[in-house]
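Listed below are the residues making up each chain.
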Amino acid sequence: MKNSLIQKYNVPGPRYTSYPTVPYWDESDFSYEIWTETLKKSFVESNGPEGISLYIHLPFCESLCTFCGCNKRITKNHSVENPYIDAVLKEWSIYCKILGEKPTIKEIHLGGGTPTFFSPKNLEDLINGIFTSAVKASNYEFSFEGHPNNTSHEHLQKLYDLGFRRVSFGVQDYSAKVQKAIHREQPFHNVAKVTFWAREIGYTSIGHDIIFGLPFQEIEDVIDTIEKTKSLQPDRLAFYSYAHVPWIKGNGQRGFKDEDIPKDDKKRMLYETGKKLLFENGYHEIGMDHFALETDSLHDAFENGKLHRNFMGYSSSKTQLMIGLGVSSISDSWYSFAQNVKNLEDYYQILEWDKLPVYRGHVLNNEDLKIRKHILNLMCQFETSWENKETYFEEIPEVLVQLKEMENDGLLIINKNSIQVTDAGKPYVRNICMAFDLRLKRKAPETQLFSMTI
C-alpha cells in the first residue's frame with residue numbers, strides 16, 4: 001500500500017514557502033509604486049506590536065556545491081565583500097527612507113550562498129550598519145547559515161556578540177562518495193568542531209541540515225549520518241528531500257547522472273529510515289521536513305500553534321512584514337511579494353539610481369489571502385478549517401472531492417469544516433496543499449517547474 005501511494009503521489013509540486021508560488025505570480029498588476037504602498041501599509045500595521053523580519057542574501061561561495069539550487073556567485077576573491085555590504089546597506093537606507101521611521105527588527109536571517117564567506121569584521125559592519133537605522137525588538141531572534149569548512153570560532157563569537165543565538169550548519173551527508181558527487185567534501189570533524197564551538201559560546205539553538213535522495217546515497221549512508229548527528233545532539237534538524245531541478249538557469253546540479261539519484265520507493269525508504277532514527281533519538285516532527293528536540297523553541301512554537309513559514313523557512317515567531325535585502329532576495333508585505341534582480345551587476349547599478357532593486361512581484365487578492373492561510377496552516381500545524389467567511393472560498397466543494405480521495409488513502413481526516421493530516425499523511429503534505437492551490441489547478445504548467453514531492 002505504501003509503495004503504491006508513493007507511485008501515486010510522487011509528482012512535481014511546490015514547497016510552498018509562499019502562496020501564490022513564484023512561478024504563478026501575476027506580474028501584470030504589480031509595480032514599484034504598489035510595492036512601496038503595501039510595504040508602508042504593512043509597516044504601519046505591524047512595526048509597533050511585532051516588528052519586522054530581515055532576510056539578507058549573501059551570495060558568494062568559494063566552491064560550487066552541485067546539489068544547490070540557490071542564487072550564488074562562485075569566487076575565491078574576497079575583495080567582493082566590501083562592495084556588496086555597502087550595496088546592502090544602501091538598499092536598507094532606501095527602505096528606511098520609504099518607511100519613514102526606525103523599524104523594530106524582530107528577526108534577522110543571514111542566508112546564501114555562504115554567509116561565512118564574509119569575514120567576521122565585515123559581518124559586524126553589516127549588522128551594525130543595519131542598526132544605525134533600526135532598533136531590536138525585546139524578543140528578537142537572529143540566525144545565520146554556517147559552512148562547517150569555513151566557519152571560524154571568530155565568526156561564531158562575533159555574531160554571538162551581535163545578538164545571534166541560532167546557527168544552522170549544512171551537513172547534507174557524511175558519505176565520502178556522496179560528498180564527492182555533490183562537490184561538498186567536509187569531514188565529520190569539521191561539523192563536530194563548529195557545533196562544539198557554538199554550544200560552548202552559548203548559542204541556544206544549533207541546527208544541522210541533512211538531505212535524503214542525494215546521488216549514490218544508500219540506506220547505510222543515512223543511518224551513518226544520523227548516528228553521527230546523534231553524537232552531536234543539535235537542537236533542531238532539517239531533513240530535506242533533495243530537489244532535483246537541473247533545468248533552472250545557472251543551477252549547479254551536475255557531476256552526476258539522473259540514474260545516480262535514488263527515486264520513488266528507494267528514496268522514500270531513505271526518508272522513512274532517517275525519520276525512524278530521529279524519533280528514536282528524541283526528535284519531534286515539526287512541520288514539513290523539520291525535527292526538533294523538546295527543548296528547542298521550534299518545538300514550543302509548534303505545540304503552541306505559533307509556528308510560521310515564509311521565504312526564510314520555518315520560524316518560531318511570525319512577523320507580517322519581511323524585507324529581503326541583497327541580490328535575488330524576496331520580500332513579503334503580506335499583501336504583496338517583491339523580488340530583487342538576480343544579477344549582481346544589475347543590483348549594483350539600480351542602487352546607484354537610488355531605487356530599490358525590485359524587478360518583479362505579485363499583489364495578493366482576497367482569494368490568494370484565504371488560500372495562503374490554509375496552506376500556512378497545513379504546513380505549520382498539519383490542519384486547517386473553513387468555518388467562517390474569512391476562511392471559506394467557493395471552490396471548497398471541489399477541493400473536498402480531491403481531499404476525499406486522500407482521506408481514502410489514509411492521508412487525512414475530513415471533519416465538517418476542517419481537515420487534519422494524519423501521521424501517514426505528513427510526508428505528503430505538499431500534495432495536500434496542492435489540493436488548495438487554485439492557481440496551479442487553473443493553469444497546469446506546460447513544463448516541469450517544481451521538484452518531485454517525494
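The structure presented is a predicted model; accordingly, all values stated were derived computationally and were not measured.

Each value, and the rule that gives it
Per chain, the residues get numbers from 1 upward, laid out in the order the sequence is written. Given that this is a predicted model, residues contribute local features only at a pLDDT of at least 70 and side-chain atom pairs are listed and counted only at 80 or more, while totals for whole chains, interfaces and linings are drawn from all residues. With hydrogens and water set aside, each side-chain value is computed from the structure's full complement of heavy atoms. Labels follow the DSSP assignment, with helices taken as runs of H or I lasting at least four residues and strands as runs of E lasting at least two, numbered in each case from the N terminus. In this description the radius of gyration comes from C-alpha coordinates, and the expected globular size is given by 2.2 Å times residues to the power 0.38. Relative accessibility decides the category of a residue: with a 1.4 Å probe and only protein chains considered, values under 20% of the type maximum give buried, values over 50% give exposed, and everything between is partly exposed. Residues count as neighbours in contact if any of their non-hydrogen atoms are within 4.5 Å of one another. Each accessible area value is a Shrake-Rupley result obtained with a 1.4 Å probe; residue values ignore everything except the protein chains displayed when judging cover. We treat Lys and Arg as the positive residues and Asp and Glu as the negative residues; His and chain ends play no part in the count. Taken as the charge location is NZ of Lys, CZ of Arg, CG of Asp or CD of Glu. What counts as a ring pair is set by centres within 6.5 Å for rings of Phe, Tyr and Trp (its six-membered ring), and what kind of pair is set by the plane angle: stacked under 30 degrees, edge-to-face over 60, tilted for all other angles. Two conditions define a charge located above a ring, namely a distance within 6 Å from the ring centre to NZ of Lys or CZ of Arg, and an angle within 35 degrees of the ring normal. Two strands are counted as paired when DSSP detects at least two bridges linking them. The convention used is that axes are lines fitted to C-alpha atoms, helices contributing only their stretch in contact, and that angles between N-to-C directions extend from 0 to 180 degrees. For the purposes of this section, nonpolar cores are sets of buried Ala, Val, Leu, Ile, Met, Phe, Trp, Tyr and Cys residues that join through side-chain atoms within 4.5 Å. The labels follow the angle: roughly parallel below 35 degrees, roughly antiparallel above 145, roughly perpendicular from 65 to 115, and oblique for the rest. In the scheme used here, Gly and all other residues not listed as nonpolar or charged are polar, with Ala, Val, Leu, Ile, Met, Phe, Trp, Tyr, Cys and Pro taken as nonpolar and Asp, Glu, Lys and Arg as charged. Salt bridge, as used here: a side-chain nitrogen of Lys or Arg that lies within 4 Å of a carboxyl oxygen of Asp or Glu. UniProt positions are given in the numbering used here, feature names are shortened, and annotations may be inferred rather than shown by experiment. Handedness of a crossover is defined as follows: orient the strands so they point away from the viewer, and if the path from the first strand over the helix to the second runs clockwise, the crossover is right-handed.

J.: Is there a simple way to explain the overall build of the chain in this structure?
T.: For the chain, the count of helices and strands is 15 helices and 19 strands. In terms of overall dimensions, the chain is globule-like: its C-alpha atoms have a radius of gyration of 21 Å, near the 22 Å expected for 454 residues. Taking all 454 residues of the chain together, 58% fall into the buried category. In the chain, the share of contacts with a sequence separation of at least 24, taken over all contacts with a separation of at least 6, comes to 74%. Working note: accessible area of the chain is about 18800 Å², and carbon and sulfur atoms make up 50% of it. Positive and negative charge centroids in the chain, built from 52 and 61 side chains respectively, lie 1 Å apart.

J.: How should I be thinking about the packing of aromatic side chains in this particular structure?
T.: Two aromatic rings are characterised by how far apart their centres lie and by the angle between their planes. Applying the stated criterion across every chain, the model contains 24 aromatic pairs. Between phenylalanine 144 and phenylalanine 164, the ring centres sit 6.1 Å apart and the planes meet at 75 degrees, which makes this aromatic pair edge-to-face. With phenylalanine 144 in strand S5 (residues 135-146) and phenylalanine 164 in strand S6 (residues 164-172), the pair connects residues that are 20 residues apart, well separated along the chain. One Lys or Arg, lysine 318, reaches over the ring of tryptophan 334 and ends 5.1 Å from the middle of that ring. The cationic tip of lysine 355 hangs over the ring face of tyrosine 32; the distance from NZ or CZ to the ring centre is 4.6 Å.

J.: Just to check I follow, could you spell out the sheet that holds strand S17 (residues 383-385) for this structure?
T.: Backbone-to-backbone hydrogen bonds join strands into a sheet, with any given pair of strands oriented parallel or antiparallel. In space, the three strands of this open sheet follow the order S17-S19-S18, with antiparallel pairing throughout. Single-partner strands in this sheet number two, and they are S17 and strand S18 (412-414). Across this sheet, the average inter-strand angle for adjacent strands is 10 degrees, counted without regard to direction. Bridge analysis of S18 against strand S19 (residues 418-421) gives three bridges, and the strand direction is antiparallel. Looking at S19, one finds that leucine 412 is bridged to valine 421. Against the sheet, helix H12 (residues 366-381) touches S17 and S19, its axis set at about 150 degrees to S17. On the sheet, helix H13 (residues 396-408) packs against S18 and S19 and is oriented at approximately 130 degrees with respect to S18.

J.: Just checking my understanding: could you explain the nonpolar core for this structure?
T.: Most often, soluble globular proteins keep nonpolar side chains buried together rather than apart. Grouped together as the largest cluster of nonpolar side chains are 54 residues, with contacts concentrated most on Trp92, Ile105, Leu110, Phe164, Tyr203 and Ile323. A total of nine residues in this core trace back to one element, the largest contributor, which is helix H3 (residues 81-99). Ignoring sequence-local partners within four residues, the contact set of leucine 110 consists of Ile56, Leu58, Pro115, Leu123, Leu126, Ile127, Ser143, Phe144, Glu145, Leu159 and Phe164.

J.: Honestly, the side chain of asparagine 281 in this entry has me stumped. Any pointers?
T.: Within the fold, asparagine 281 resides in the loop between helix H9 (264-280) and strand S9 (284-285). When residues no more than four places from it in sequence are discounted, the contact partners of asparagine 281 are Lys230, Gln233 and Leu293.

J.: What's the story with the packing of H3 against helix H4 (residues 120-130) in this structure? I'm lost.
T.: A pair of packed helices is captured by two measures, namely the crossing angle of their axes and the spacing between those axes. Close contact between H3 and H4 brings their axes to 10 Å; oriented N to C, the two are set at 10 degrees. By the angle between their directions, the pair H3 and H4 is classed as roughly parallel. Contacts between H3 and H4 pair Glu81, Asn82, Ile85, Val88, Leu89 and Trp92 from the former with Asn122, Leu123, Asp125, Leu126, Gly129 and Ile130 from the latter. Of the residues in the contact of H3 with H4, the class split is seven nonpolar, three polar and two charged.

J.: Would you explain the pattern of salt bridges in this entry?
T.: With the rule as written, the count across this model stands at 20 salt bridges. Residue lysine 121 is joined to aspartate 125 by a salt bridge in which the shortest nitrogen-to-oxygen separation is 3.0 Å. Taken together, the positions of lysine 121 and aspartate 125, both in helix H4 and four residues apart, correspond to about one turn of that helix. Take lysine 121: its relative accessible area is 48%, and that puts it in the partly exposed class. The salt bridge involving aspartate 368 is made with arginine 439; its shortest N-O contact spans 2.9 Å.

J.: Explain the UniProt feature "binding site: [4Fe-4S] cluster" (unreviewed entry) in the chain to me, please; I cannot follow it from the model alone.
T.: When the UniProt feature table is mapped to this numbering, "binding site: [4Fe-4S] cluster" (unreviewed entry) covers Cys61, Cys65 and Cys68. Turning to its location among the elements, cysteine 61 is positioned in strand S2 (residues 60-61). By relative accessible area, cysteine 61 is classed as buried at 11%. Sequence-distant contacts of cysteine 61, that is, excluding residues within four places in its chain, are made with Lys72, Arg73, Ile74, Thr75, Gly113, Thr114 and Phe117. Tracing the chain through its elements places cysteine 65 in the loop between S2 and strand S3 (73-74). For cysteine 65, a relative accessible area of 12% puts it in the buried group.

J.: Got a minute to help me understand the pairing of strand S4 (residues 104-112) in this structure?
T.: Look at any regular strand and the pattern is simple: side chains alternate between the two faces of the sheet. Summarising burial for S4: nine of the nine residues are buried, a large majority. Across seven bridges, strand S1 (residues 52-58) lies against S4 in parallel orientation. Within the sheet, the bridge partner assigned to leucine 58 lies in S4 and is glycine 112. Two elements, S4 and S5, share six bridges in a ladder whose sense is parallel. Within S5, the position partnered with leucine 110 by the bridge is phenylalanine 144. This β-α-β element, S4 to H4 to S5, shows right-handed connectivity.

J.: Hey, could you run me through unusual backbone geometry in this one?
T.: With glycine set apart, most residues show a phi of negative sign, and most peptide bonds adopt trans. Of note, the bond from tyrosine 19 into proline 20 is cis; its omega dihedral lies within 30 degrees of zero at -5 degrees. Its location among the elements puts proline 20 in the loop between helix H1 (2-9) and helix H2 (32-46). Cis rather than trans, the peptide bond between glycine 112 and glycine 113 has omega equal to 20 degrees. Assignment of secondary structure puts glycine 113 in the loop between S4 and H4. Phi angles above zero are rare outside glycine, and tryptophan 334 is one such case at about 80 degrees. Here tryptophan 334 shows up in the loop between strand S14 (330-332) and strand S15 (336-340).

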